[in-house]
Amino acid sequence: MTDGIKTKECPRCGTEFFCHADSDAPCWCMSYDINPENLKVLGIKYKGCICPECLKLYGQKRK
């Protein structure tokens, strides 16, 4: 496993997932387009990252 990849717990649903934000690999979340309004909501409602399944509720995966 690449250094910097962390196991996190989603504050929305409690699911564990891998976060690559602090690693050399690009994080999966960077493949989502999230509008500014939804980013604001995410920042207010949750501390830190949410899992891939929950992020789907706030944005769309880039094609």
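Quick caveat, the model's predicted, so the values are computed rather than measured.

A. Up close: the nonpolar core. Counting residues in each nonpolar core, the largest one holds 13 residues, and the members touching the most others are Cys10, Phe17, Trp28, Leu42, Ile50 and Leu55. Secondary structure elements with two or more residues in this core: strand E2 (16–19) and helix H2 (52–55). Not counting residues up to four positions away in its chain, the partners in contact with Leu42 are Ile34, Ile50, Leu55 and Tyr58.

B. Expanded view of the environment of Gln60. Tracing the backbone shows Gln60 in strand E4 (residues 60–61). A relative accessible area of 62% places Gln60 in the exposed class. Considered as a pair, Gln60 and Lys6 are 54 residues apart in the sequence and their alpha carbons are 23 Å apart. In contact with Gln60, not counting residues within four places along its chain, are Ser31, Tyr32 and Asp33.

C. Expanded view of the pattern of salt bridges. The final tally for this structure, using the stated rule, is three salt bridges. The closest approach of N and O atoms between Lys6 and Asp22, which form a salt bridge, is 2.7 Å. Highlighted residues: Lys6 in strand E1 (residues 6–9) and Asp22 in the loop between E2 and strand E3 (32–33), separated in sequence by 16 residues. Classification of Lys6 by relative accessible area gives partly exposed; the value is 39%.

D. Local environment of the pairing of E1. When E1 meets E2, the two strands line up antiparallel, connected through four bridges. Within E2, the position partnered with Glu9 by the bridge is Glu16. With antiparallel pairing between neighbouring strands as the criterion, E1 and E2 make up a hairpin whose turn holds six residues, including Gly14 at a positive phi of roughly 85 degrees.

Calculation notes
- For every chain, the first residue of its written sequence is number 1, and the numbers climb from 1 along that sequence.
- Owing to the predicted nature of the model, reporting of local features is limited to residues with pLDDT of at least 70; listing and counting of side-chain atom pairs is limited to 80 or more, with chain, interface and lining totals taken over all residues.
- The basis for every side-chain value is the complete set of non-hydrogen atoms in the structure, without hydrogens or water.
- Think of a nonpolar core as a cluster: buried Ala, Val, Leu, Ile, Met, Phe, Trp, Tyr and Cys residues, connected wherever their side-chain atoms sit within 4.5 Å.
- Relative accessibility thresholds used throughout: buried, under 20% of the residue-type maximum; exposed, over 50%; partly exposed, between the two (1.4 Å probe, protein chains only).
- A helix here means a DSSP run of H or I that spans at least four residues, while a strand means a run of E at least two residues long, and both kinds are numbered starting from the N terminus.
- Should any heavy atoms of two residues lie within 4.5 Å, those residues are considered in contact.
- A pairing counts as a salt bridge when a side-chain nitrogen of Lys or Arg comes within 4 Å of a carboxyl oxygen of Asp or Glu.
- For two strands to pair, DSSP has to find at least two bridges joining them.

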